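Residue-level structure breakdown
One-letter residues, chain by chain:
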Amino acid sequence: MIAEFGHFALIVAFILSLILSLVPLIGVARVDHGLMRLAMPLTYGMAGGVFIAFAALLHGFVTSDFSIALVASHSHSTKPMIYKISGLWGNHEGSLLLWIVILVLFAGILAQRGRLMPLALKVRTLAVQGMVTAGFLAFSLFTSNPFSRLDPAPLDGAGLNPVLQDPGLALHPPTLYVGYVGLSIAFSFAVAGLLEGRIDKSWARHVRPWISAAWCALTCGIALGSWWAYYELGWGGWWFWDPVENASLMPWLAATALLHSVIVVESRGIFKSWTLLLAILAFSLSLVGTFIVRSGLLTSVHSFASDPARGVFILAILLAAIGVPLTLFALRGPSLSARDSDTSENTDQKNSDFALISRDTGLMVNNFLLTAATLVVLIGTFYPLGLEMATGARITVGPPYFDATFNPIMAVLVVAMAVGPLLVWRRGIGPARRMALSAGGVGALAALLAGATLASGLSIAALAGLGLVGWLGLAIIGDIAHRLKPWQTGALSGRLAAIKMPVWGMWLAHGGMVVFLIGAIGNGVFQQEKIIRANAGDVIELAGREILFKGVEARQGPNYVTQTAILEMRENGQLIAVMEPEKRFYTAERQSTTEAAIRPRIAGDDYAVLGDGDDAMGYSLRLYRKPLVSWIWTGAGIMALGGLIAVFGRARNYRQNIKVPS
Amino acid sequence: MTPQEPQKAQQAKKAQQAKKANPPKTGLQLSFLLPLIGFMALAIIAAIALFSTLSGTRDVSQLPSVMVGKPVPETNLPLLEGAKTLDLTAFRGKPLLINFFASWCAPCRAEAPALALLSRDVTIVAIAYKDKQADTISFLTQYGNPFAAVAMDYDGQAGLKWGVYGVPETYLVGPDGRIVLRHAGPIDRRVIDNEIMPAIKALQ
Amino acid sequence: MRAVILAFLCLALVGLVSPLAIPLATPLATPFAIQPAMAVTPEEMLGDPAAEERARNISKQVRCLVCQNQSIDDSDADLARDLRVEIRRQITTGVSDDEILANLRTTYGDYVLLNPPVSTGTYVLWGAPVIIILVGLGILIGNRRQMRAAPHTIEATPRHDAAHHEPFDAPAEVKKPSRLFTGIIICGVIGVSLLLYLMLGRADLPDQPLASRTAEITATAKLQSAQQDAQQQALASARAEVTADPDNIGAWLRLAFAANQALEHPTEIAALEQALAISKDDPSIKAMLAEALSRAAEGQITMPARQLITEALIANPEEPRALYIAGLAAYQDEDFTKAVSLWRRLESLSAADAPWMSYLGDSIQDAMQKAGPSGEDIAAAAALDSDERMAMIEGMVAGLAERLKDEPEDVDGWNRLARAYDVLGRPQQSATALISAADASINDKKTQITALEYIIANGFEDDFAAQSTRLLTRLDEISPEGLERLFFRGHFARHTGDNAAAKKYWQSLLDILPDDTPFVSDLAAAIADL
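Sequence order sets the numbering: in each chain, residues are counted from 1 along the sequence as written. Working convention: letters from A go to chains and numbers from 1 go to ligands, in the order in which they are written. Whole-chain, interface and lining totals are the exception, using all residues; otherwise, since this is a predicted model, local features are given only for residues with pLDDT of at least 70 and side-chain atom pairs are given and counted only at 80 or more. Values shown for side chains rest on all heavy atoms present in the structure; no hydrogens or waters enter the calculation.

**Overview of the overall build of chain A**
In DSSP terms, a helix is any run of H or I states spanning at least four residues, a strand is any run of E spanning at least two, and both are numbered starting from the N terminus. Along chain A, the regular secondary structure elements total 19 helices and 10 strands. It is over C-alpha atoms that the radius of gyration is taken, and the globule rule equals 2.2 Å times the number of residues to the power 0.38. For 662 residues, the compact-globule formula gives about 26 Å, and the C-alpha radius of gyration of chain A, at 27 Å, lands near that figure. Projected onto the principal axes, the alpha-carbon positions of chain A cover approximately 85 × 75 × 60 Å. Buried, partly exposed and exposed residues are distinguished by accessible area as a fraction of the type maximum, computed with a 1.4 Å probe on protein chains only: under 20%, between the cut-offs, and over 50%, respectively. Within the span of chain A, comprising 662 residues, buried residues form 62% of the whole. Only heavy atoms matter for contacts: two residues are in contact if any of them lie within 4.5 Å across the pair. Within chain A, contacts between residues separated by at least 24 positions form 72% of all contacts whose residues are at least 6 apart in sequence. Accessible area for chain A stands at about 23,600 Å²; split by element, carbon and sulfur atoms hold 65% of it. Just so you know, the count uses Lys and Arg for positive and Asp and Glu for negative, and it drops His and the chain ends. Taken as the charge location is NZ of Lys, CZ of Arg, CG of Asp or CD of Glu. Looking at chain A, you have 48 positive and 39 negative side-chain charges, and the mean spots of the two groups are 14 Å apart. Computed with the Shrake-Rupley method and a 1.4 Å probe, the accessible areas treat only the protein chains shown as cover for residues.

**Remarks on the packing of aromatic side chains**
Aromatic rings from Phe, Tyr and Trp, taking only the six-membered ring of Trp, are treated as a pair when their centres fall within 6.5 Å; an angle between ring planes under 30 degrees marks them as stacked, one over 60 as edge-to-face, and anything in between as tilted. Throughout the structure, instances matching the rule amount to 39 aromatic pairs over all chains. Aromatic pair Tyr230 of chain A and Trp633 of chain A: ring centres 4.8 Å apart, planes at 50°, arrangement tilted. One end of the pair, Tyr230 of chain A, is in helix H9 (residues 201-232); the other, Trp633 of chain A, is in helix H19 (residues 630-657), and 403 residues separate them in sequence. Trp633 of chain A carries the same exposure label as Tyr230 of chain A, and that label is buried. Seen in terms of ring centroids, Tyr324 of chain C and Trp343 of chain C are 5.3 Å apart; in terms of plane orientation they differ by 25°. Their pairing is stacked. With a gap of 19 residues between them, Tyr324 of chain C in helix H12 (residues 320-332) and Trp343 of chain C in helix H13 (residues 336-349) connect regions that are remote in the sequence. Owing to a relative accessible area of 0%, Tyr324 of chain C belongs among the buried residues under this scheme. Ring pairing ties together the aromatic residues Trp99, Phe136, Tyr177, Tyr180, Phe187 and Phe283 of chain A, which thus form one cluster.

**Some remarks on the sheet that holds strand S10 (residues 618-627) of chain A**
Residues and elements named next belong to chain A. Two strands pair if DSSP finds at least two bridges between them. Taken in spatial order, the four strands line up as S1-S10-S9-S8 in an open sheet, and their pairing is antiparallel. Of all the strands in the sheet, just strand S1 (528-534) and strand S8 (597-600) have a single pairing partner and so form its edges. Ignoring strand direction, the axes of neighbouring strands in this sheet form an average angle of 10°. Bridge count for strand S9 (residues 604-614) against S10 is nine bridges, and the pairing is antiparallel. If you follow Leu610 over to S10, its bridge partner there is Leu621. Throughout, an axis means a line fitted to C-alpha atoms (over the contacting stretch in the case of helices), and angles, computed between N-to-C directions, take values from 0 to 180 degrees. On top of the sheet, H9 reaches S8, S9 and S10; it is set at about 45° to S9, its chief contact.

**A look at the nonpolar core**
Judged by nonpolar contacts, the single largest core of 187 residues is most densely connected at Trp99, Phe189, Trp203 and Leu253 of chain A. Excluding residues within four positions of it along the chain, Leu253 of chain A makes contact with Leu370, Ala373, Thr374, Val377, Phe406 and Met410 of chain A. Nine residue types can take part in a nonpolar core, namely buried Ala, Val, Leu, Ile, Met, Phe, Trp, Tyr and Cys, and a core is a set of them joined through side-chain atoms within 4.5 Å. Among the nonpolar cores identified, the runner-up in size contains 77 residues, and Leu63, Phe139 and Ala151 of chain B together with Ile87 of chain C belong to it.

**Examining the interface of chain A and chain C**
Of the residues lining the interface, 96 residues belong to chain A; the matching set on chain C comes to 74 residues. Throughout, the accessible surface (probe 1.4 Å) given up by two parts as they are put together, summed over both, is called the buried area. In this assembly, chain A packs against chain C so that about 7,800 Å² is buried in total across both faces, 64% of it on carbon and sulfur atoms. Ranking the residues of chain A by area buried against chain C places Leu155, Phe368 and Thr396 of chain A at the top, with a combined share of 9%. Just to be clear on terms, a salt bridge is a Lys or Arg side-chain nitrogen sitting within 4 Å of an Asp or Glu carboxyl oxygen. In this structure, the connection of chain A to chain C is made through three salt bridges. Note that Glu43 of chain C is salt-bridged to Arg533 of chain A, the shortest N-O span being 2.2 Å.

**So, the side chain of Thr447 of chain C**
Tracing the chain through its elements places Thr447 of chain C in helix H18 (residues 445-457). In this structure Thr447 of chain C touches Val411, Ala437, Ala438 and Ser441 of chain C, once residues within four positions along its chain are discounted.

**Observations concerning the pairing of S10 of chain A**
Residue and element names in this part refer to chain A. Among the 10 residues of S10, 10 are classified as buried, and the element is accordingly described as predominantly covered. Sheet topology places S1 next to S10; seven bridges connect them, and they run antiparallel. Of the residues in S10, the one forming a bridge with Ile532 is Leu621.

**Concerning the state of the cysteines**
The disulfide definition used here is simple: a pair of cysteine sulfur atoms within 2.5 Å. Counted under the stated rule, the structure contains two disulfides over all chains. The disulfide that involves Cys105 of chain B links it to Cys108 of chain B, with 2.1 Å between the sulfurs. Residues Cys105 of chain B and Cys108 of chain B share a disulfide whose torsion about the S-S bond is about 90°; that sign makes it right-handed. Summarising the burial analysis for this pair, Cys105 of chain B and Cys108 of chain B share the class buried. Disulfide partner of Cys64 of chain C: Cys67 of chain C, at an S-S distance of 2.0 Å. The sign of the 60° torsion about the S-S bond sets the Cys64 of chain C-Cys67 of chain C disulfide as right-handed. On the accessibility criterion, Cys64 of chain C (1% relative accessible area) is buried. According to the relative accessible area criterion, Cys67 of chain C is buried, its value standing at 14%.

**A short note on the interface of chain C and chain B**
Each partner contributes to the interface: chain C provides 39 residues, whereas chain B provides 45 residues. The junction of chain C with chain B conceals about 3,400 Å² of combined surface from both sides, 61% of it contributed by carbon and sulfur atoms. Summed over the shared surface of chain C and chain B, the result is three salt bridges. The partner of Asp82 of chain C in a salt bridge is Lys130 of chain B, with the nearest N and O atoms 2.5 Å apart. Counting of polar contacts relies on pairs of N or O atoms within 3.5 Å, with two restrictions inside protein: one atom must be capable of donating a hydrogen and the other of accepting it, and residues adjacent in sequence are counted only when both atoms are side-chain atoms. If you look at where chain C meets chain B, you find six residue pairs in polar contact (both at pLDDT 80 or more). Among the elements of the structure, helix H3 (78-92), helix H4 (97-108), helix H5 (123-149) and helix H11 (303-315) of chain C are those that each provide at least two residues to the side of chain C that touches chain B.

**Description of the pattern of salt bridges**
On inspection of all chains with the given rule, the structure shows 52 salt bridges over all chains. For the salt bridge of Arg555 of chain A with Glu553 of chain A, the shortest nitrogen-to-oxygen distance reads 2.8 Å. Here Arg295 of chain C makes a salt bridge to Glu291 of chain C, at a shortest N to O gap of 3.0 Å. Here the residue Arg295 of chain C and the residue Glu291 of chain C both occupy positions in helix H10 (residues 283-296), the gap between them amounting to four residues, near one helical turn. Per residue, the accessibility class of Arg295 of chain C equals that of Glu291 of chain C, and both read buried.

**Observations concerning the packing of H10 of chain C against H12 of chain C**
All names here are of chain C. The geometry of H10 relative to H12 is characterised by a closest axis approach of 8 Å and an angle of 35° between their N-to-C directions. Crossing angle aside, the handedness with which H10 passes H12 is left-handed. The residues of H12 that touch H10, namely those facing Ser284, Ala287, Met288, Ala290 and Glu291, are Arg321, Ala322 and Ile325. Put simply, Ala, Val, Leu, Ile, Met, Phe, Trp, Tyr, Cys and Pro go in the nonpolar bin, Asp, Glu, Lys and Arg in the charged bin, and everything else, Gly too, in the polar bin. Per-class residue counts for the contact of H10 with H12 are five nonpolar, one polar and two charged. Should the near helix be turned counterclockwise from the far one by less than a right angle, the crossing is left-handed, whereas a clockwise turn marks it as right-handed.

**A closer look at unusual backbone geometry**
Geometrically, the link from Asp151 of chain A to Pro152 of chain A is a cis peptide bond, its omega value of 5° lying close to zero. Looking at the secondary structure, you find Pro152 of chain A in the loop between helix H7 (119-143) and helix H8 (167-196). Residues Val167 of chain B and Pro168 of chain B are joined by a peptide bond in cis, for which omega reads -5°. Inspection of the secondary structure assignment puts Pro168 of chain B in the loop between helix H6 (157-162) and strand S4 (169-173). Non-glycine residue Trp241 of chain A carries a positive phi angle of around 55°. Not every positive phi belongs to a glycine, and Lys280 of chain C is a case in point at roughly 55°. Within the secondary structure layout, Lys280 of chain C lies in the loop between helix H9 (265-278) and H10.

**Regarding the sheet that holds strand S1 (residues 96-101) of chain B**
All names here are of chain B. One open sheet accounts for five strands, arranged S3-S2-S1-S4-S5; its pairing is mixed. Where the open sheet ends on each side, the last strands, each with one partner, are strand S3 (149-153) and strand S5 (179-184). Going across the sheet, the axis of each strand differs from the next one's by a mean of 20°, ignoring polarity. Judged from the five bridges that link them, S4 and S5 form a sheet pairing that is antiparallel. Among the inter-strand pairings, Tyr171 is bridged to a residue of S5, identified as Arg182. Along the sheet, helix H5 (residues 133-143) makes contact with S1, strand S2 (123-129) and S3, crossing S3 at roughly 150°.

**Things to note about the confidence of the model for chain A**
Residue and element names in this part refer to chain A. In the predicted model, chain A carries a mean pLDDT of 88, and the fraction of residues at 70 or more is 93%. Mean pLDDT across the secondary structure elements of chain A bottoms out at helix H17 (residues 492-498), with 81, and peaks at helix H3 (residues 39-62), with 95. Each residue gets a pLDDT score, which is the predictor's confidence in that residue and runs from 0 to 100. In the predicted structure, residues 341-349 sits below a pLDDT of 50 and forms 15 contacts with residues beyond four places in sequence or in another chain.

In structure tokens, the structure reads:
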């Protein structure tokens, strides 16, 4: 009953989304407010239907209803409840439903808030959102229906892939999808603007919080995925340039560019075509990411069960969802950027004129570099496929390629990041330049010297990385110092209050980047590793500690049995930790996983992995000391926090400055 | 006349001048077309890949072998039974199939009847890849032995020389000792009819 | 007999499913799943740290071919380990890094290198970043030039989009859509949704949360364990029987059947081999053995099995199980026309009520479909029409009768002959053959009973009076307390008019039978009629 009711609700949502795609737009064309206002209740109805469907499916997973085919193939009676729940989105059909849930959630939020938005823009945006939702709902209902039933129902399920039975992986998809789908709102705004034929500062003002929120979520989602790979995959890597990882990085790069570009539109009314294109591009890349994972075209550890037949449907959706807006962009884009009908500014100003040294140029450079980086990753990811279609040759484009092409572009960007915030609109560079840039220079030199003397045999790339870290890190501190002037104790609180929230957000976000780089470079360069075969009682020395291997014992988990190694770590004779890496064998799914033991600390992680072996010949152990590695994800978290603060700060500012007519 | 009117008139005049100076850019511009062109290129690649995968002409798991055209690598392996080593030069002068298999490999069992069928038309030499003698013997007892000779590659070293990356793999060697084709994966009627037999006929 | 039929059924099921199973096997099996090695085990590492460092760096550039986007340094796969070992071996023999990578490239191609080599195929790849930057710079500089040359001012164009006019919500005089309109829309939505739902959904299936199925689960578990116990018991008793009576073919066949039920293939095969040896290569048992071998090979008709089938068909071209398996083998070879013709032959040889007829028809249909339109014609042409079939059976019967003249002790042969006559519609001769079978096995109760049953069923008590008496006498000797004997005696007594004797026989039968036997009431009625 519940399952079928959920199925019905999903169908109702689909019908409503079809209506939403069409009717309000007719209303806009005819200036029929009645029809236009239908957009909101339609959105709520569509959202309600999807939520009911999701709840029904969740109920099926929670109660282990094996008459639902999805539950039977991805769940098991012995699984812990949290994994029964996260099993819902640990597969193709369920994760697609999650996508749709977030799509309609955001649409609903937009429908509910946005009272200050021009009605036509809001309606058009909701309609475009409805089109995207309709496409996804059609794909779900007709090719990947989560509510398909089994009769007779099996007595137990097939279980969830043990690799997915993990808290990090329970959170990673929802967070990532919030990011992807948030970009859909920006996309809808862009298409709405193209349909309307105008993009102006108020458009930018309305779309900006959505972009920031999506960017924050995307940053967290990618960081979660990377962190998960680090602790789950057993050798401490955190980024592999895997096609699906790239598929999440590309929207992030585009969204970062978009985030900055929309600032320019809002402040200066220029860069409209860039921003439009980036908004379309960011969500298009999210869609392409979906295509990769579910179509079987590219091999990846992330791939769902690949089904090329579904791929055809997805290709059709992509052609419509990306091809149409890009065509609109090609046709209407030039005239859009030539026209600016926002009369709230002084019409005598030559808005689009700016000097070479100006914030405008800085952000243009930012746009350019990030777009170039996105394109490089895109080419690297799809080149093997393209070459195979063209000549039949099979090649691999792996991390060495991306290290050689992507890293230099990002390096230039890091250099620019120190200068950009110092620049002023239209022309010039601000008063903080002296302090910030000299601090940056000092920082770079100090880092280079430290690197050259403290660590031996560093590669040029590593040294360059250290230099960049010093440059950007100290430049930001210099900028902050110039503003706050902490050496002048008088009126310090006043200066503190004068700094608006968005500025703090920017400093945090850029500072987060520095923290991330410290983690990435520190871990990459200063990691220590020991691989040995040990018998019980052996002591291994690593990074100034003594690790005593006490042996391996068998243990029992909720739905698995383990072989657990016990390692006692001592420093200067003091026991500082007991690490227990293990190998798990999941009884229902008959698969094993390796669980590393990690001791995370600010200065660095201790990481241990158990390999094969037995009591007779000894056990293979891999022990790592990974300095500063957690700074990678802390940095990402700080970046996301910075973005969040910037959004809320602006919203507060805006509310303070605007007067709503009663 | 209202105070705003002169201002408005001036604005209108300026607008007209600006319009004459640079007409609004309408129509197609190359830089605005680039994203669409780029996307269409990507979509075409994806479509071709998708349809060739659907129609079966593209198999992602099949890696084309770069050993095709090269002479057979040195393969001095012990035979399954007896103390001798495998001597591939003894098979020169006619087409030869080399089949890498293993007792632990499920698709190898599935292709046994197809190999039996093939063995009527062409000599097949098998190499047991990373397997034990006893297991290989019981495999051959259970599934039949259509091979002219069976050699043992205990550590996979010979496989590395041939470019083997999984089992089963079958190589067609020409009368001159050069590799003519490689099929990765189990052999069935379709593979025999569409790939192997035409290649053998072409050699004769 | 029942065991044989059941075994046949199992094979048929296997045979029908196996052609589906085999093509779905994974295309390439790798050692990965069997022996999980660890990425870089201690034993692989070279003693010299500098050399080991080199090895690690090279490994990081080599792709693991059987993994998804991993280097061999990170991978657990066996192939990855082999490559790591090979790289270290080459290092110790003094080969340079570039040469090692080149060697790998020679055998495995560019695909194995994570860093795509610069070649004609990758000029675009390596050139693209440069091109992108140049093109991007070009666009930027071009835009800037344009902007400098003709800076555009803001036009005070009136808003062309009237709907956009008010920045905030619509004026108060917006008319709300009428109730009727809303009602129609809602009905429409629900209507269309219901329609779609009826196409996609399963309204008839209720939820089945696990908590509500505990009864079903325990019942199934009990049933399963009961079945398993029964199977193990049957197996144990069959083993005992065989130990007690090692020369009894039937005992070995029963052991094979019990092993088949318990899914112990090696036992089944061994038992059948024994039976085959004792029976001196009986073709039916050969066919059974072939079937068992195929079952052990997950349904594949292996070469040894095919060999057995061929031998069985030479000895007895009409052996039904052998014919069926031969058809299966052809099916697995995707030679569907051959499969159809073999199965059609089996169909024509079989009695209409043969136990395999139900799924034989389906098998033929399936193979005919797979054979395609032209194949169907050929197969149809190869099928015999009823006259030819009759003629064939007649010929077979004649031959069999001739043979049995020389070998009158062949009980099976007589049984086959009886069946053939029955199919030909000659019950008298069938009865004669059955009586001959009974005569050839004077200590076998079953053959006597079969013959007597057939006589009674066809009303041949008068035609075969003398033979019936003979059979009854034998039955008296073989099983004096037997129920069947009492029944038949009573029947023949009644037939000859000796009602008192009939009553006596049947009354004693009634006394012996338990009261809840369904037959009892009929018997009582019959006694009353006398």
